[in-house]
Amino acid sequence: MKETPKDHHIEKNGSKLNRKANDWIDHSSFKQKTLVLIIITVLIYGSGITYIWTFTDTSTSDFDVHLYQSRTRTILDGGLLYKDVHTETPPLINYVMIPAQVLGGADNPWIYALYASFFAFLLAMLMYMSFRKYDDKKAFLIGFLILLCPFMIDKTIVSDDDSIVAFFFMLGAVSMLFEKPRTSAAMIAIGIWTKMWAILLLPVQFLRLRTWKERIDTIVIVAIVTVIIAIPYVILCYDEFLDFLSYYFLIKANRTMEGFSMTVFLERGGMGIPKALMLGIVLISLLVAVLYSHHKGWGAWKSATFVMIVFIIVYPKMHMGYYIMPMALLMVWAVDDWRILVRLFVSFLPLHYAAVCQTGKAEFLGDWFGNSNIWLFGFVLALIGTLLFVDAMRLAFKRELLSDRENAMVPE
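Residues numbered from 1 in each chain as written. Predicted model: local features only at pLDDT ≥ 70, side-chain atom pairs only at ≥ 80, totals over all residues. Heavy atoms only, no water.

Caption draft 1: Here's a closer look at the overall build of the chain. Across its full length, the chain carries 21 helices and zero strands. Expressed as a percentage of its 412 residues, the buried residues of the chain come to 50%. Taking the contacts inside the chain whose residues are at least 6 apart along the sequence as the reference set, 74% of them involve residues at least 24 apart. Carbon and sulfur atoms form 64% of the exposed surface of the chain, whose accessible area is close to 19900 Å². (Helix = DSSP H or I, 4+ residues; strand = E, 2+ residues; numbered from the N terminus. Buried < 20%, exposed > 50% of the residue type's maximum accessible area, 1.4 Å probe, protein only. Contact = heavy atoms within 4.5 Å. Areas by Shrake-Rupley, 256 points an atom, 1.4 Å probe, with all protein chains shown as cover.)

Okay, structure coming up:
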């Protein structure tokens, strides 16, 4: 088929625009790139927050911001988490949210969204600054793409805390990459008591340390941070604090299954897995993942990515914001391969509609699938979304990690 002048004009303009963008990235300073990330944050997240909190009816929404308000209010009033207010999260995340409450979040829930957007920007900057010593241009693009993460945009603009959780998780991952054992131990411990996700990094870090002295130091540092944070609650409200831990580790007897994982949909379809067996599957799967990555001799980033992907496959209590962390880990490869990027971004659609099926807001699908079979539709959507992440990992692991390249060098 012969190329038309119009097609040639479009291709020429597209190539010209691409060259200009690459030229700007190559020659712009660190401050200029940072300013661009700020502008992108303001435009994308600011627009989303404005739309959600101005043009939609949030009074009937099931956002979690009211939980943050009650917990931070309790802290500011001198009360005790777990005892004076129902709390199903580790302590630190509630203290991190205090500035949003102080800045007016008590009366304006959207301030929590602005605060979470700030952490989305911090996450982008963390990734940019961590990888710029290997390749400044690609490090900037990693930060840029992180801000475009649909999972983070979706949860941040409704005032959820997932961008904050992801930031603290990635602090641990980055410190592991930089081979700083004591710093890694401290960051992982802080991440654990922010929202437990960083506990996935601990066994990976423990096995890859070269000496027993480093391993013992890691255990001691994590233990010290844990004692400092947890002991006051153990002393003052032991039963309530233990209740929170049982919720996180899937052993709370009267807790109904939440989230939209494949396991949840199987339970909804009458094929539920006993909680004890489910916990065993999760623990054994993670143990195998950690040992396998250690056996293969993978580096910190690749091992953490593998363990995280295994986790999102087997953990039953999955929510949209949880996918920010595996996406951030995989983005370091996606910046070099558009196929990985497409899989990560496209996965949002089936997982989003899987979540809709689980919330019960997709009853209109009963016209097509029958109300009793919506669980099957949700299961298929969750499976597709998960497989997209698995395939993204497959493609990523065929490539060299940015930090492992022999020609990586600090930018001038």
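Caption draft 2: Local environment of the packing of helix H5 (residues 98-105) against helix H6 (residues 110-131). It is at 9 Å that the axes of H5 and H6 come closest, and there the two elements cross at 135°. In terms of orientation, H5 lies oblique with respect to H6. Of the two elements, H5 crosses H6, and the hand of that crossing is right-handed. Residues Pro99, Ala100, Gln101, Leu103, Gly104 and Gly105 of H5 lie in contact with H6, whose contacting residues are Ile111, Tyr112 and Tyr115. Residues of the contact of H5 with H6, tallied by class, amount to six nonpolar, three polar and no charged. (Axes fitted to C-alpha atoms, helices over the stretch in contact; angles between N-to-C directions. Parallel < 35°, antiparallel > 145°, perpendicular 65-115°, else oblique. Left-handed = near helix turned anticlockwise from the far one by under 90°. Nonpolar A, V, L, I, M, F, W, Y, C, P; charged D, E, K, R; others polar.)

Caption draft 3: Representation of helix H2 (residues 30-55). Spanning 26 residues, H2 covers 37 Å between terminal C-alpha atoms, matching the ideal 38 Å at 1.5 Å per step. Taken residue by residue, H2 has Lys33, Thr34, Leu37, Ile40, Thr41, Tyr45, Gly48, Ile49, Ile52 and Trp53 as its buried positions. (Expected span 1.5 Å × (residues − 1).)

Caption draft 4: A look at the nonpolar core. Counting 133 residues, the largest nonpolar core has Leu123, Phe131, Phe151, Met170, Trp301 and Phe389 as the members making the most contacts within it. Among the elements that make up this core, the one with the highest residue count is H6 (13 residues). Excluding its chain neighbours within four sequence positions, the residues that come into contact with Phe131 are Ala139, Ile142, Leu177, Trp301, Val332, Leu402 and Ser403. (Core = buried A, V, L, I, M, F, W, Y, C linked by side-chain atoms within 4.5 Å.)

Caption draft 5: Region of interest: the packing of H2 against H6. Packing of H2 against H6 brings their axes to within 10 Å, and their N-to-C directions diverge by 150°. Accordingly, the angle class assigned to the pair H2 and H6 is roughly antiparallel. Classified by chirality, the crossing of H6 by H2 is right-handed. Here H2 contributes Phe30, Lys33, Thr34, Leu37, Ile38, Thr41, Tyr45, Ile49 and Trp53 to the contact with H6, which in turn contributes Trp110, Ala113, Leu114, Ser117, Ala120, Phe121, Met125, Tyr128 and Met129. Its residues assigned to classes, the contact of H2 with H6 comprises 14 nonpolar, three polar and one charged.

Caption draft 6: Examining the packing of aromatic side chains more closely. Within this structure, the stated rule accounts for 33 aromatic pairs. For the ring pair Trp197 and Tyr322, a centre distance of 4.7 Å and an interplane angle of 65° mean the geometry is edge-to-face. With a gap of 125 residues between them, Trp197 in the loop between helix H10 (181-195) and helix H11 (201-208) and Tyr322 in the loop between helix H16 (300-314) and helix H17 (324-334) connect regions that are remote in the sequence. What links up through ring pairs into an aromatic cluster is the set Tyr82, Trp193, Tyr233, Phe241 and Phe244. When the ring centre of Phe397 is taken as reference, the NZ or CZ atom of Lys302 above it lies at 4.9 Å. (Phe/Tyr/Trp six-rings, centres within 6.5 Å; stacked < 30°, edge-to-face > 60°. Lys NZ or Arg CZ within 6 Å of the ring centre and 35° of its normal.)

Caption draft 7: Looking closely at unusual backbone geometry. Positive phi, close to 75°, is recorded for Tyr82, a residue that is not glycine. Along the chain, the position of Tyr82 falls in the loop between helix H3 (65-76) and helix H4 (91-96). Look at Met196: it is not a glycine, yet its phi comes out positive at around 65°. Of note, Met196 is situated in the loop between H10 and H11.

Caption draft 8: Highlighting a nonpolar patch on the surface. Residues Leu35, Ile38, Ile39, Val42 and Leu43 make up a contiguous nonpolar surface patch of about 440 Å² in total accessible area. Mapped onto the secondary structure, Ile39 falls in helix H2. Overall, Ile39 belongs to the partly exposed group, its relative accessible area being 40%. (Patch = residues over 30% accessible without salt bridge, like charges linked within 9 Å, V, L, I, M, F, W, Y side chains within 5 Å. Salt bridge = Lys/Arg side-chain N within 4 Å of Asp/Glu carboxyl O.)

Caption draft 9: View of the environment of Thr305. By the element assignment, Thr305 lies in helix H16. Residues Thr305 and Leu330 lie 25 residues apart in sequence; the distance between their C-alpha atoms is 7.1 Å. Beyond its immediate stretch of four places on either side in the chain, Thr305 contacts Leu329, Leu330, Trp333, Met393 and Phe397.

Caption draft 10: Structural view of the pattern of salt bridges. All chains considered together, the criterion is met by twelve salt bridges. Note that Lys33 is salt-bridged to Asp136, the shortest N-O span being 2.9 Å. Note that Lys33 is positioned in helix H2 and Asp136 in helix H7 (residues 136-147), a separation of 103 residues in sequence. For the pair shown, Lys33 and Asp136 are each scored as buried. Asp136 is the partner of Arg132 in a salt bridge, and the nearest nitrogen-oxygen pair spans 3.0 Å. Judged by relative accessible area, Arg132 falls into the partly exposed class, the value being 25%. Because the salt bridges share partners, they merge into one network encompassing Lys33, Arg132 and Asp136.

Caption draft 11: Spatial organisation of the side chain of Gln205. Mapped onto the fold, Gln205 is located in helix H11. Residues contacting Gln205, with those up to four places away along its chain left out, are Met176, Pro181, Ser184 and Ile188.

Caption draft 12: Highlighting the confidence of the model for the chain. Overall, the prediction assigns the chain a mean pLDDT of 89, with 88% of residues at 70 or greater. Counting interchain partners and residues more than four positions distant, the pLDDT-below-50 stretch residues 406-412 has ten contacts. (pLDDT = per-residue confidence, 0-100.)

Caption draft 13: Up close: the environment of Ile25. By the element assignment, Ile25 lies in helix H1 (residues 5-27). Take Ile25: its relative accessible area is 9%, and that puts it in the buried class. Through-space distance from the C-alpha of Ile25 to that of Phe140 is 8.2 Å; in sequence the pair is 115 residues apart. In contact with Ile25, other than residues within four places in its own chain, are Lys33, Lys137, Phe140 and Leu141.

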